[in-house]
Amino acid sequence: MTVKSPSSLYSDLDVRVELDAPLAPLTWFAIGGRADALVHPNTIEALQTLSKRCHRDGVPLRVLGSGANLLVDDDGVDGVVVLLDSPAFKAVEFNASGHLERMRAWGGASMEKLVMECSRRGLKGLEQMAGIPASIGGAIRMNAGGKFGAVGDAVDAVALVTPEGELSIFSRESLRFDYRHTNIPRGIVAWTSFKVTPDDAVECRARVREIFTYKKSTQPLSASSAGCMFRNPTLADGTRESAGRLIDLAGMKGARVGGAFVSTAHGNFLAVDPGARSDDLRALVDMVRDAVATRQGVELVTEVVFWRRGEDA
Ligand SMILES: Cc1cc2nc3c(=O)[nH]c(=O)nc-3n(C[C@H](O)[C@H](O)[C@H](O)COP(=O)(O)OP(=O)(O)OC[C@H]3O[C@@H](n4cnc5c(N)ncnc54)[C@H](O)[C@@H]3O)c2cc1C
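Let me begin by describing the structure that accompanies this report. (Residues numbered from 1 in each chain as written. Predicted model: local features only at pLDDT ≥ 70, side-chain atom pairs only at ≥ 80, totals over all residues. Heavy atoms only, no water.)

### Things to note about the overall build of the protein
(1) Moving on: Summing up its helical and strand segments, the protein has 7 helices and 20 strands in all.
(2) Moving on: The C-alpha radius of gyration computed for the protein amounts to 20 Å, which stays within 12% of the reference 20 Å derived for 313 residues, consistent with globular compactness.
(3) Moving on: By its C-alpha atoms, the protein is 55 × 55 × 35 Å across when sized along the principal axes.
(4) Moving on: Evaluated residue by residue, the protein yields a buried proportion of 50% over its 313 residues.
(5) Moving on: Here the analysis covers contacts within the protein between residues at least 6 apart in sequence; of these, 66% occur between residues at least 24 apart.
(6) Moving on: Looking at the protein as shown, the accessible area adds up to about 14,200 Å², and 50% of this sits on carbon and sulfur atoms. (Helix = DSSP H or I, 4+ residues; strand = E, 2+ residues; numbered from the N terminus. Rg over C-alpha atoms; globule rule 2.2 N^0.38 Å. Buried < 20%, exposed > 50% of the residue type's maximum accessible area, 1.4 Å probe, protein only. Contact = heavy atoms within 4.5 Å. Areas by Shrake-Rupley, 256 points an atom, 1.4 Å probe, with all protein chains shown as cover.)

Printed below as a string of structure tokens:
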């Protein structure tokens, strides 16, 4: 059931609101419909109150990061979509709380910029994130990473705005980061503090360059995609198999539905032509999943998050 987002949820808060806002330009696929209400909070207090009211009234609240792991349905989404793009949510504090080795980044800050700034300052700890497009909140929620490690490796603490509007701080000891997953409960990542180590700036920059070059040589980064569409499945013997290899073996590289296609360079990159429909991509996802299940006997699960009107946020 589609849920409306009455203006009483936010009209008295320190926020900027766009009604019937197009989401396509805010995602890497650059397709899909509109948000009934796109809300840009200016303060943490406004975000907390908005979250509490949406929870109280049963209005779905979704948070959009840099849109690099997201497919928005052609019919858009209901309720409230929050975008943490005001200066308060893009801030980064080095030497957080007087600690040289602690850095605090707010949920809407850019992971790419943070990786570059750390390497410029000679701070080691986040170079594994080179070339991964993400906001801080989106990276934490997905535990984004790859061959060289994941964001969770560097996390010191995470502050979460709970659905009830509280600000809960999770220390490193209480957090678990697994393959594209964390135990952080439902809510909005307000900020994360990272452990970084002072190191030689030239070496830091060289390491970031090396990881980025590796990524560029193995993945079609310029296509309109969300990176890997499917999670790498765990096989019966406990090993993790590459979903891209399974898709390749199933003969699906280059397969197409309307404006959506499987990259010929990397089987797990499903990309779209400009103007494609989300429905095309969803149909292609089903087609690839069926082919791999039939030919390899493995059920693929999507890594990309799908947003659809009336579905749980
Ligand atoms: C070219 C390309 C290459 C990629 N390569 C990789 C890679 O190597 N490794 C990898 O892991 N991923 C990769 N990805 C996927 C993507 O970069 C990651 O999943 C990233 O973490 C998404 O972050 P985001 O801010 O864009 O999140 P979004 O796509 O905006 O959102 C993803 C999910 O996170 C949630 N979310 C966003 N912000 C917050 C917040 N503040 N609090 C709570 N939840 C939030 C959203 O609600 C949604 O459920 C790639 C994507 C692209 C386009």
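### Side note on the site of the ligand
(1) Moving on: For the ligand, the set of nearby residues contains 32 residues, the closest of which are Val-63, Ser-66, Pro-133, Ser-135 and Gly-145.
(2) Moving on: Between the ligand and the protein, one listed contact pairs an oxygen atom with a backbone N or O atom of Gly-65 at 2.7 Å.
(3) Moving on: Ser-66 is positioned with one of its side-chain polar atoms (N or O) 2.6 Å from an oxygen atom of the ligand.
(4) Moving on: Notes on the ligand: free accessible area 970 Å², of which the protein chains cover 94%.
(5) Moving on: Those elements that provide at least two residues to the shell around the ligand are strand 3 (61-64), helix 4 (136-142), strand 15 (188-195) and strand 20 (305-307).
(6) Moving on: Among the elements that line the shell around the ligand, the one with the most residues is helix 4, at 5 residues.
(7) Moving on: Looking at the shell around the ligand residue by residue, the class counts come to 18 nonpolar, 11 polar and 3 charged.
(8) Moving on: Per-domain counts for the shell around the ligand show at least three residues from each of domain 1 (9-87) and domain 2 (92-218). (Near = heavy atom within 4 Å. Polar contact = N/O pair within 3.5 Å; in protein donor to acceptor, adjacent residues only side chain to side chain. Nonpolar A, V, L, I, M, F, W, Y, C, P; charged D, E, K, R; others polar. Domains from an automatic or database assignment.)

### Some points on the sheet that holds strand 18 (residues 260-262)
In a beta sheet, neighbouring strands pair by backbone hydrogen bonds and run either parallel or antiparallel.
(1) Moving on: With antiparallel pairing, the 3 strands of this open sheet are ordered in space as 17-18-19. The two strands at the open ends of the sheet, each matched to only one other strand, are strand 17 (256-257) and strand 19 (270-272).
(2) Moving on: Relative to strand 18, strand 17 runs antiparallel, the two being bridged by 2 bridges. Bridging across to strand 18, Val-257 finds its partner in Ala-260. (Pairing = 2+ DSSP bridges.)

### Observations regarding the sheet that holds strand 1 (residues 15-22)
(1) Moving on: Read across the open sheet, the 4 strands follow the order 1-2-5-3; overall the sheet is mixed. The sheet is open, and its two edges are formed by strand 1 and strand 3, each paired on a single side. Across the sheet, the mean angle from the axis of one strand to that of its neighbour is 30°, orientation sign disregarded.
(2) Moving on: With 4 bridges connecting them, strand 2 (residues 34-41) and strand 5 (residues 77-83) associate as parallel partners. Residue pairing in the sheet places Ala-35 in a bridge with Val-77 of strand 5.
(3) Moving on: Taken strand by strand, helix 1 (residues 44-57) contacts strand 1, strand 2, strand 3 and strand 5, and its axis lies near 160° from that of strand 5. (Axes fitted to C-alpha atoms, helices over the stretch in contact; angles between N-to-C directions.)

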